[in-house]
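Listed here are the chains, written in short residue letters.
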Amino acid sequence: FLETAAYFCMKPKMGEKEVSPHSFFSIWHEFSSDFKEFWKKENKLILQERVKEAEEVCRQKKGKSLYNIRPKHDSGIVSKKYNYV
């Protein structure tokens, strides 16, 4: 534990000889909880951007049809019936 505290340049508080686990982990807990919140927010923003990109791709693909629609020409019995009247 002391090697880890020294690696992170932790110094003992006034009046203490060594860094206590309580002081080290209280700081570590604050850091990790803040990091977790920022991580969630960043992931949410990235997800929203990807959803917008996917929706845009869908709109573009819907705009380009793979088939052509031609107007319907009147033919058959019904059109002949009305043309003769």
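Structure's up top.
Overview of the structure. Quantities reported herein were computed from a predicted structural model and do not represent experimental measurements.

Reading the values: the criteria
Residues numbered from 1 in each chain as written. Predicted model: local features only at pLDDT ≥ 70, side-chain atom pairs only at ≥ 80, totals over all residues. Heavy atoms only, no water. Helix = DSSP H or I, 4+ residues; strand = E, 2+ residues; numbered from the N terminus. Buried < 20%, exposed > 50% of the residue type's maximum accessible area, 1.4 Å probe, protein only.

**Topic: unusual backbone geometry**
In step 1: Although it is not a glycine, Cys9 sits at a positive phi angle of roughly 60 degrees.
In step 2: Looking at the element boundaries, Cys9 is found in the loop between helix H1 (2-7) and helix H2 (21-63).
In step 3: Looking at Cys9, the relative accessible area reads 62%, which means it is exposed.

**What about the environment of Phe25?**
In step 1: Tracing the backbone shows Phe25 in helix H2.
In step 2: By relative accessible area, which is 45% here, Phe25 ends up partly exposed.

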